[in-house]
Structure formats: structure tokens, C-alpha cells
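# Structural features, examined
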Amino acid sequence: MITLGIDTSCDDTSAAIVVDGRATLSNVVHSQIRLHHPYGGVVPELASREHLRNIEDVVEEAFLRAGISLAEVDGIAATVGPGLIGSLLVGLYYAKGLSYVRGVPLIGINHLEGHILSVFLEKDVPPFPFVALTVSGGHTSLYHVEGFGRYALLGQTLDDAAGEAFDKVAKILGLGYPGGAAIEKLALEGNREMIRFPRALLAPGSLDFSFSGLKTAVSLFVKNWRESGERGGEISEADIAASFQEAVVDVLVQKVMEAVEKSRVSSLVMAGGVACNKALRGRLIEQASSAGVPVFCPRPVYCTDNGAMIAVAGYHRLSHGERADLSIDVRSRFPIEDLVPIA
């Protein structure tokens, strides 16, 4: 089955062609980083307009690179949520148009399901069941994955997502947008043990996350550090970045390993934009390996938002007979537990 996947959930316009949910023929992503950089974050209205300008060209480029035509596509999958309403509407309604004109089956996809299943675009894939950590600018959640379309929420952020915390701390330090890559780069020059920022582990046994307190602690520290005239002294911005990143990594890895132990699974998946962070990947692989648990991570191009992962999720739902009619709409909030399980 050949599936066209379309994702416009935030600020990347993406389309991909995937065969049988495994082989990527093309994956085109148009980034809006330059557009939003001056504002220090994504401006929803600007993002929507940029999607409108680029969606047709991106989809056409996906077909060109794949070397096929729309007539050869068996199904169309488009993200319907969670995400920015204006952005989601562009991708979904473009997909609706293609589906209606060509008579191709359509399916709406949960963005988080796409992230979880992005690992199946790789050669080595995890056996079911496994624990999945989805960690990005908008989401930080842990799931017990029993099979395709069968997910149980184990824990989630109660406030800021990890990626959101990276962006906010980067803004505090004046590093610009996107913050994740900027913090990671600066942290390489710093001492991660210089400052002991708080780790919010919440109640004993809780698998939920909280990063707002850490963000506030960094903000207050930087304010006092600048006002006291210590800038350029013993503690550097690189030390602050490294210490902040260490706090995030500590919490994520500890919670993930607790989830693996409680769920008694034999494999672990990490996906989402923050999964590109080398410090996080390295620590998680190190601790999981010590426990005899293999870690499966998609390559970076499949960690950030992309149409290929949406095509994978679409393939599994379409192949089990799911179809969406043209009345389907987008959802800014879309808990993965609301999904219909795949039989």
C-alpha cells in the first residue's frame, strides 16, 4: 500500500510517500525557522499563512522525488491534532481536496501516534510491547505500547513540555529560536555540575513530569547572576545551559527507566524533536543498556515533525479498514487515548 502523509501541525509543512508503512520513497519538509526566529517562537497566524503558501509545492515535490503520481496512491493520511488549529486546517483540507477529487481513501491521524510509530521507518524495530517516550516542544509523555493503535498513557507533563522549557530557557539566555539546538550547542562548553537546578520528581511512583519550576529556577538564577555582576566570572552562560540540560535529562531518564521497570517491557522507544538531543540519547542508552533494555530511536529527520511518520500511522489504520469522511475536522487537543484501537 502506498500512503501519502501530510503534516502541518505546527510550523513545518511536510509531505511524504511511504510504502507499506516501512519504506520511505520521499519525505519533504519546509521549515519556517527563519520566519519565526525574530519572535523567539512560533507565531500561529504567520505559520498558517506560510503553510498556505507552501503546501501545494511541498506535496508536488514529494511526488516528484518518489517518482510516482497521485493516481498510484492507495490512501492519504493527514494530521488532525493535536497542534495549532490554523496550521492543522491547511494540511487537512488540502488532503480532503485530494481525496475528494481523486477518490482516494482518507484518514485523520493523531500527531503523537505518528511520533510513536516513526521508529518503524528504521531497519531495526522494537518488539511489542514497549515503553515509548514522546518528547518535543509541545509534548512530554510516556506510553505503554501494546501494538499498532493500542496505547496506554503512563505519565505526562503537568505543565511545560521539555522542548518548551528548552525554548524558554534559551530565550532567557538570549540564544534565539529554536532553543533546543542552541542550548545543546552551548552546553558542550559548560560544566553540567556547576549549578544544581531542581529536579521535579513529584509524588513517589509518579510517572508525570513538571518543568515549569525548573524554568522559573533558571530565570531567577540568571536574573540574580546578571544583577550581581557575576557575568563573565566563575559561572558562564555555558555552565547555566549545561546545568539546565542536565536537570532535564536526569528527570526524563529516571522516569523512563521507572516506567520500563513497572511495565516489565523488554524494549524502549524515544521519539519527538527533543529525542535529537545527544546528551539525552547517550544517557538513556547507557542506563537502559545497563538494565539489558535496547533503545530504539528514529534518526533525527524522523524525530522532528514530518509527513513520513503520519503516513506510517495512516497505513496501519487504512489497512485495517478505517476511513474518514469529509466531515472530519481538526482538534487542538487530542489525547492519544481517545483513538479507536486497531483490532
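Residues numbered from 1 in each chain as written. Predicted model: local features only at pLDDT ≥ 70, side-chain atom pairs only at ≥ 80, totals over all residues. Heavy atoms only, no water.

Among the nonpolar cores identified, the biggest contains 56 residues, and Leu4, Ile17, Val59, Phe63, Val73, Ile76 and Ile116 are the most heavily contacted of them. Counting residues per element, this core draws most heavily on helix H11 (residues 307-319), which supplies seven residues. Valine 59 has contacts with Leu4, Ile6, Ala15, Tyr94 and Leu98, leaving out every residue within four places of it along the chain. Counting 49 residues, the second-largest nonpolar core is a separate cluster that includes Leu142, Leu214, Val265 and Leu268. (Core = buried A, V, L, I, M, F, W, Y, C linked by side-chain atoms within 4.5 Å. Buried < 20%, exposed > 50% of the residue type's maximum accessible area, 1.4 Å probe, protein only. Helix = DSSP H or I, 4+ residues; strand = E, 2+ residues; numbered from the N terminus. Contact = heavy atoms within 4.5 Å.)

On to the sheet that holds strand E8 (residues 150-156), then. Strand order across the open sheet formed by five strands is E8-E7-E6-E9-E10, with mixed pairing between neighbours. Lying at the two open borders of the sheet, with one neighbouring strand each, are E8 and strand E10 (295-296). Where strand E6 (residues 130-135) meets strand E9 (residues 268-271), four bridges bridge the pair, whose relative direction is parallel. Directly across from leucine 133, in E9, lies its bridge partner methionine 270. (Pairing = 2+ DSSP bridges.)

Turning to unusual backbone geometry, a few remarks are in order. Of note, the amide linkage connecting glycine 81 to proline 82 takes the cis form, showing an omega dihedral of -10°. Counting through the fold element by element, proline 82 comes out in the loop between strand E4 (75-81) and helix H3 (85-102). Phenylalanine 128 connects to proline 129 through a cis peptide bond whose omega is -5°. At aspartate 20, a residue that is not glycine, the phi angle is positive and equals roughly 55°. Within the secondary structure, aspartate 20 sits in the loop between strand E2 (12-19) and strand E3 (23-31). A positive phi angle, near 55°, is found at arginine 264, a position not held by glycine. Position of arginine 264 among the secondary structure elements: in the loop between helix H8 (237-263) and E9.

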